[in-house]
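# Commentary on secondary and tertiary structure
The chain contents come next:
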Amino acid sequence: MALILMLLMPGAVGLWLVTGGRALPASSARLVAFVAAGGGGLAALVATVMRPVVDRAWIPDLGVRWHFEVDGVSAPLVVLTAVIGVLVVAHAWVEEPWADAPGSGSAATYLGALLLVVAGAFAAFAARDAVLFFLAFEVVLVPMWVLISRYGDRHSAAARADASARFILYTAVGSTLMLVGILLLVARAGTADLGELPAAAAGLGLGEQTLIAALLTLGLAVKVPVFPLHTWLPAAHTTAPTAGSVLLAAVLLKLGTYGLVRLPLANVPEGFARIAPVLAITGVVGILWGGLICLVERDLKRLIAFSSVAHMGFVVLALASGTETGVQAALIGNIAHGVISAMLFVIVGGLKHRWGSVDLAVVRPALREVSPRLGFALILGLAAGLGLPGLAGFWGELVSLLAAWNPAQHTGILRTCAVIAAVGAALAAAYSLRVARVVWVGEAVAAEAVDDARRQTPDARSVELAVLAVLGVAVVAIGVAPFLVFSVTADAVTALVGSGR
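Residues numbered from 1 in each chain as written. Predicted model: local features only at pLDDT ≥ 70, side-chain atom pairs only at ≥ 80, totals over all residues. Heavy atoms only, no water.

The subject of this paragraph is the overall build of the protein chain. Of regular secondary structure, the protein chain possesses 22 helices and two strands. Taken over 501 residues, the protein chain has a buried fraction of 59%. Of all intrachain contacts in the protein chain linking residues separated by at least 6 positions in sequence, the fraction that spans at least 24 positions is 81%. Surface accessibility of the protein chain: about 17800 Å² in total, with carbon and sulfur atoms responsible for 68%. (Helix = DSSP H or I, 4+ residues; strand = E, 2+ residues; numbered from the N terminus. Buried < 20%, exposed > 50% of the residue type's maximum accessible area, 1.4 Å probe, protein only. Contact = heavy atoms within 4.5 Å. Areas by Shrake-Rupley, 256 points an atom, 1.4 Å probe, with all protein chains shown as cover.)

A few words now on unusual backbone geometry. Omega for the bond connecting Val 224 with Pro 225 falls within 30 degrees of zero, at -5°, which places this linkage in the cis form. By the element assignment, Pro 225 lies in the loop between α10 (206-223) and α11 (232-239). Here the bond from Phe 227 into Pro 228 is cis, since omega is 5°, no more than 30 degrees from zero. Structurally, the position occupied by Pro 228 is in the loop between α10 and α11.

Attention now goes to the nonpolar core. Residues Ile 84, Tyr 110, Met 144, Ile 182 and Leu 247 are the most contacted members of the largest nonpolar core, which totals 167 residues. It is helix α15 (residues 324-355) that contributes the most residues to this core, 17 residues altogether. Not counting residues up to four positions away in its chain, the partners in contact with Tyr 110 are Ala 92, Pro 97, Trp 98, Leu 147, Tyr 151, Pro 241 and Ala 243. (Core = buried A, V, L, I, M, F, W, Y, C linked by side-chain atoms within 4.5 Å.)

Attention shifts here to the packing of aromatic side chains. Evaluation of the coordinates by the stated rule reveals 10 aromatic pairs. Ring plane angle 70° and centroid distance 5.3 Å describe the contact between Trp 58 and Trp 66, whose orientation is recorded as edge-to-face. Seen in terms of ring centroids, Phe 167 and Trp 232 are 5.7 Å apart; in terms of plane orientation they differ by 65°. Their pairing is edge-to-face. With a gap of 65 residues between them, Phe 167 in helix α8 (residues 157-189) and Trp 232 in helix α11 connect regions that are remote in the sequence. Residue Phe 167 shares its accessibility class with Trp 232, and that shared class is buried. An aromatic cluster of at least three residues, connected via ring pairs, comprises Phe 125, Phe 133, Phe 137 and Tyr 258. One cation-aromatic arrangement involves Arg 368 over Trp 440; the distance from NZ or CZ to the ring centre is 5.2 Å. (Phe/Tyr/Trp six-rings, centres within 6.5 Å; stacked < 30°, edge-to-face > 60°. Lys NZ or Arg CZ within 6 Å of the ring centre and 35° of its normal.)

Before going further, it helps to spend a moment on the pairing of strand β2 (residues 64-69). Taken together, the six bridges between strand β1 (residues 53-59) and β2 define a ladder with antiparallel strand orientation. Of the residues in β2, the one forming a bridge with Val 54 is Phe 68. Adjacent in sequence and paired antiparallel, β1 and β2 are bridged by four residues, among which Gly 63 carries a positive phi angle near 75°. (Pairing = 2+ DSSP bridges.)

Glancing now at helix α21 (residues 462-480). Taking 1.5 Å as the rise per residue, α21 with 19 residues should run 27 Å; its terminal C-alpha atoms sit 27 Å apart, in good agreement. Buried within α21 we find Glu 464, Val 467, Leu 468, Leu 471, Gly 472, Val 475, Ile 478 and Gly 479. Down the axis of α21, the sector holding all buried residues measures 135°, keeping them to one side. Along α21, exposed side chains directed more than 90 degrees from the buried face belong to Ser 462, Val 473 and Val 480. For α21, the elements touching its buried residues are α3 (75-90), α15, α17 (372-385) and α18 (392-405). (Expected span 1.5 Å × (residues − 1). Arc of directions from axis to C-beta.)

So, on to the pattern of salt bridges. Applying the stated criterion to the full structure yields nine salt bridges. For Glu 138, the salt bridge is made with Lys 223, and the minimal N-O distance between the two is 3.8 Å. One end of the pair, Glu 138, is in helix α6 (residues 130-139); the other, Lys 223, is in helix α10, with 85 residues separating them in the sequence. The class for Lys 223 is buried, based on a relative accessible area of 4%. For Arg 188, the salt bridge identified is with Glu 208, shortest N-O distance 2.6 Å. On the criterion of sequence distance, the pair formed by Arg 188 in helix α8 and Glu 208 in helix α10 is long-range, its members being 20 residues apart. Residue Arg 188 is classed as partly exposed on the basis of its relative accessible area of 46%. (Salt bridge = Lys/Arg side-chain N within 4 Å of Asp/Glu carboxyl O.)

Our focus in this paragraph is the side chain of Ser 341. Mapped onto the fold, Ser 341 is located in helix α15. Polar side-chain contacts of Ser 341 include one of 2.6 Å to the backbone oxygen of His 337. (Polar contact = N/O pair within 3.5 Å; in protein donor to acceptor, adjacent residues only side chain to side chain.)

Contact geometry for helix α12 (residues 242-267) and helix α14 (residues 300-320): axes closest at 12 Å, N-to-C directions at 15°. Regarding the angle of α12 to α14, the classification is roughly parallel. The chirality of how α12 crosses α14 is right-handed. Contacts from Thr 242, Ser 245, Leu 253, Lys 254, Thr 257, Leu 260, Val 261 and Leu 265 in α12 reach Lys 301, Ser 308, Met 312, Val 315 and Leu 319 in α14. Its residues assigned to classes, the contact of α12 with α14 shows seven nonpolar, four polar and two charged. (Axes fitted to C-alpha atoms, helices over the stretch in contact; angles between N-to-C directions. Parallel < 35°, antiparallel > 145°, perpendicular 65-115°, else oblique. Left-handed = near helix turned anticlockwise from the far one by under 90°. Nonpolar A, V, L, I, M, F, W, Y, C, P; charged D, E, K, R; others polar.)

Inspection of the secondary structure puts Trp 66 in strand β2. Once the C-alpha coordinates of Trp 66 and Arg 56 are considered, the two residues, 10 residues apart in sequence, prove to be 5.0 Å apart. In this structure, Trp 66 is in contact with Val 54, Asp 55, Arg 56, Trp 58 and Leu 132, ignoring residues within four places of it in sequence.

What follows concerns the environment of Met 144. As for its placement among the helices and strands, Met 144 is situated in helix α7 (residues 141-151). Separated by 31 residues in the primary sequence, Met 144 and Ala 113 place their C-alpha atoms 6.9 Å from one another. Other than its neighbours up to four places away in sequence, Met 144 contacts Val 117, Phe 167, Gly 244, Leu 247, Leu 248 and Leu 252.

In this section: a nonpolar patch on the surface. On the surface, Leu 42, Leu 45, Val 46, Val 49, Met 50, Val 79, Val 83 and Val 470 cluster together into a nonpolar patch covering about 670 Å² of accessible area. Put simply, the parts of the chain that give the nonpolar patch at least two residues each are α2 (26-50) and α3. Counting residues per element, the nonpolar patch draws most heavily on α2, which supplies five residues. When you line up the elements, Met 50 lands in helix α2. When its relative accessible area of 60% is taken as the criterion, Met 50 is described as exposed. (Patch = residues over 30% accessible without salt bridge, like charges linked within 9 Å, V, L, I, M, F, W, Y side chains within 5 Å.)

Here's what the structure looks like:
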C-alpha cells in the first residue's frame, strides 16, 4: 500500500494541477504541491525500508504486469528522487518562473509538471516489468518538455524552442531504439518480468544478445547522455528553470544509467560485454570533451551542464567494466552526481536570478564577500565535483577507475580508458578552480561597488538556504560514510551481476 501511495499520489495531484488552470492561486498550488511531494517522498522512504511488492496482471494477453518492487539497486535512487522532489517544489518559494512571463503558464501547471516528473521517476525505479519500465520512463518526457519550453529562459524564445525541440527529438529517438530492444528481448525470452528475464534470456545466441544489447544501450545512451549523443543536454540545462535543471541532472539522467544496469547488463550480459569497449571509449571521450569545454566555457550554467557529461562518463566507464565493483561504482556515482549537480544548479540558478546572467567574463566582486553563504555552498559543490576526498564525488570516480583497471574482459582497452579518465579527473580540478577563482575570489573592486553588489546579490536565506543545507549535508554524508550506499546495494548487485564475474 505504501508503494502504491508513493507512485500514485504525486502523479494524481500533478495531473490535477496540470489541468487546474489559472484559477488556482500560486500560494495554494505551492501548498498542495508541497504536501503531495512530501507525502509521496515519505511513502517512498517507507517503501525502501518495508520493501512491499505490488504484482497484478495488467495486460494479460501481452504478459505485461503491474509489478513494482524496491530492491537494493533501486532503493538509493528512490530515496534520491524523494528528496529532490521535495526540494524542487520547495524551491518554488524562491524562484517563480511562471511570474517572469505572464501568459505563458500558471503556477499550477509548473508545479504539476514537476510532480509528474517525480512520479514517473518513482515508477521507473520501482518497475519490475520491462514494458512497464519503458512506459514509466516515458512519463517524464512531456512534463520536462513543458518545463523547458514554457518556463525556461525568458531572454530568448528561440533558445527555448531550440532546447525543447532537441530534448524531445533526441529522447524520442532514444526511446524508439530502447522500445525495439525491449520488445525483441521480451519476444525472444518469452517474459517481460525483470526477475525472470536473466534466466529466460540466457539461452539466446551471442548474435541475438549483441543485437539486443546494442539497441538497448544506444537508446539509453541518449538519456545518460553518452558522447556524441549529449548535444541536447547543455541546451536543455541552460534554458530550463532552476528546478527543471535540478530534476534533469539529479533524476532524469539517472534513469539512463539505471536502465543500462536493469536491461542490457542484467539480461544479455554476453552481448553487453561485446559492446562494452565501445561504451567505455565513448564514456572517456565524454570525460575529456566535457572537461576541456568547461575550461573555456563562459556561461556558468552551461559549464555545469558540460561537467555533467564528464561526470556521467565515469558512471558509463564503470558499467563497461562488467564487474560487481563497476556496478557499485556506477550506483554511488549516480547518487553523488545527483546531489552535487542539484546543489550547483540551485546555486547557479540563484546567481542568474540575481545577476540576470552568469557570464564569467563579467567582472564582479568576490562572492565570498558579497554573499558568503552562497559562496560557501559554491566552494563545497565545486570541491565535491572535482573529487575531493571526504566528499561525495570522490567515491564514484575512484571506484570507477579501480573497476576499469580490473575489468571482466577487454583488459587492455579498459585499462587505457582508466588512465585517460584519470586525466579527465585532473581537468575537473582545473575547471572547478577556474570557477572558484572567477566567482568566489572575484575581482578587486572599490568598497562602494561591494556595497552595491551586496544590495543586488542578497545572500541565501529561508527556503533557499534550507535547500542548499540539505544538499550540502548529503554531499558530506556520502563522502564521509559511503557505506550508507554500498551497504544497501551490495547484496542486490551481487545477485544481479553474479559473484563470478
